[in-house]
Amino acid sequence: MEIISYVQNQQEKRAFPLFIKRNVQSLKSLNKRNYHAEINHSIYTINEKEFTAQKVNYKFSIKSFLIETGKKGFDFYNLIKNNIKKISISILIIITFASSLYFVLNRISYNKNHTNQLYMNSEDFLEIERLNSLMENFALENTTQYDENGNILNIDVSDFVPNFREPVSYNNYTVKKGDTISGIAKKFGLYNISTLISVNDIGNVRQLAAGQKLKIPSLDGIVYTVKKGDSLASIVKQKNVKLEDLVDVNELANEELTVNQVLFLPGVGLDSVALKSALGDLFKLPITAKFRWSSPYGSRIDPIANVQSFHTGVDMACPTGTPILASMSGKITVTGVSRVYGNYVIIDHGNGYQTLYAHMSKIIAKKGQWISQGSRIGLVGSTGYSTGSHLHFSVYKNGKMIDPMSVLK
């Protein structure tokens, strides 16, 4: 704030008029008319006085700032205190309105992107039966050769008696056309496919190709890289291996270990997550763009028809044209058009797994094509029995439907 004061100054020539009244008595000799004229026009003269304007500076201080802030805060507190009832009611109204609006919009969106109850005729049921038969045929053509722990099936366990008293040795092998990971393991007297996966750091056994070079150990087991803080005692306890076996197989002269030292752990297999990842049994989401889960797998009350029904997959609601990706690497076995599923694609992933992608607006993949995990196979749409743009995603294991959420990562 600027305060203006006028101070007399003898040097500056800025004028401010002061009116000084003349001595009226000296004008008595004038006649009356002239007197009044003189009074009206000359009775006042201007005498100039000199002034300057000075700015008054306001000095800032923490104390004054805190005082002013405190006053404002106290005023605001009083305002809230005196109107707390009105403010509470207003907030409650806003929250209620926002919640109601969110619920209504969510239900509208849910119904808009949700498959209605399907009223199918006999031809539709026959179509679904043909699809189920097709999945069972896939399962027969791709018989599982190992269990969930990686142990090879249909072999005589007595033929696989390892000798953990001898040091581990390695052979080299070039993969031939038609080879499988389990077939190679059996050929070299191994019992668990985890051994070849670990020793050769195989990221996906489905991508094993002819001409690829492999190291084949003489014993079943996995490799382990020593980390800081590791000791023989901690490794033995953590990996459930015998100390004498660990020492003999690796020809250890003493108990001293070094960081990044590679050990062979005899008789140990990969954990379930690592094994599933290498086998390609961990599916990825077929849509990476923004989407909304609009219907789960299993029994449900249809939101529109209000009747009990069984949903054979999961629905992922998103805009038409959103890319659909292969959930896992495999071979495109079927591309077609169905009254129920609209434009759809089926991928055979081997090891008993197949996936179905339905209601596409466009199919991109070609029948017989081998695709990698994450490859684009089509675009989201609303073809077939669908009330909104979404992807219907089903997973089959050995010809039977399973919950996709049990394999998705």
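Below you will find a few notes about this structure. (Residues numbered from 1 in each chain as written. Predicted model: local features only at pLDDT ≥ 70, side-chain atom pairs only at ≥ 80, totals over all residues. Heavy atoms only, no water.)

## So, the packing of aromatic side chains
Piece 1. Counted under the stated rule, the structure contains five aromatic pairs.
Piece 2. On the numbers, 4.9 Å between centres and 85 degrees between planes, the contact of Phe291 with Trp293 is edge-to-face.
Piece 3. Lying across the ring of Tyr170, Lys215 places its NZ or CZ 4.6 Å from the centre. (Phe/Tyr/Trp six-rings, centres within 6.5 Å; stacked < 30°, edge-to-face > 60°. Lys NZ or Arg CZ within 6 Å of the ring centre and 35° of its normal.)

## Remarks on the environment of Thr96
Piece 1. By the secondary structure assignment, Thr96 is in helix α3 (residues 84-112).
Piece 2. A distance of 2.8 Å separates a polar side-chain atom of Thr96 from the backbone oxygen of Leu92. (Helix = DSSP H or I, 4+ residues; strand = E, 2+ residues; numbered from the N terminus. Polar contact = N/O pair within 3.5 Å; in protein donor to acceptor, adjacent residues only side chain to side chain.)

## Describing the pattern of salt bridges
Piece 1. All chains considered together, the criterion is met by two salt bridges.
Piece 2. Among the ionic pairs, Arg165 bridges to Asp245, the shortest N-O distance being 2.3 Å. Of this pair, Arg165 sits in the loop between α4 (122-141) and β4 (170-174) while Asp245 sits in helix α8 (residues 243-249); the two residues are 80 residues apart in sequence, bridging distant segments of the chain.
Piece 3. Among the salt bridges present, the one from Arg165 reaches Asp248, with a minimum N-O distance of 3.9 Å. Linking Arg165 in the loop between α4 and β4 with Asp248 in helix α8, this pair joins segments that are 83 residues apart in sequence.
Piece 4. By relative accessible area, which is 28% here, Asp248 ends up partly exposed. (Salt bridge = Lys/Arg side-chain N within 4 Å of Asp/Glu carboxyl O. Buried < 20%, exposed > 50% of the residue type's maximum accessible area, 1.4 Å probe, protein only.)

## Observations concerning the side chain of Asn192
Piece 1. By the element assignment, Asn192 lies in the loop between α5 (181-187) and α6 (194-199).
Piece 2. Judged by relative accessible area, Asn192 falls into the buried class, the value being 11%.
Piece 3. In this view, Asn192 contacts Asn149, Gly150, Asn151 and Asp220; residues no more than four positions away in its chain are not counted. (Contact = heavy atoms within 4.5 Å.)

## Focus on the environment of Pro319
Piece 1. Secondary-structure assignment places Pro319 in the loop between β11 (314-317) and β12 (323-325).
Piece 2. Residues Pro319 and Gly388 lie 69 residues apart in sequence; the distance between their C-alpha atoms is 9.0 Å.
Piece 3. Discounting chain neighbours no more than four positions away, the residues touching Pro319 are Val380 and Ser389.

## What to know about the pairing of strand β15 (residues 353-363)
Piece 1. Buried residues dominate β15, accounting for eight of its 11 residues.
Piece 2. Relative to β15, strand β14 (residues 342-350) runs antiparallel, the two being bridged by six bridges. From the neighbouring strand, Gly350 faces β15, where its bridge partner is Tyr353.
Piece 3. Count of turn residues in the β14/β15 antiparallel hairpin: two residues, of which Asn351 carries a positive phi of about 55 degrees.
Piece 4. As judged from the six bridges shared by β15 and strand β18 (residues 390-397), these two strands associate in the antiparallel manner. By the bridge assignment, Tyr353 is partnered in β18 with Lys397.
Piece 5. Of the pairings in the sheet, the one linking β15 to strand β17 (residues 376-380) comprises three bridges and is antiparallel in character. Residue pairing in the sheet places Ile363 in a bridge with Gly378 of β17. (Pairing = 2+ DSSP bridges.)

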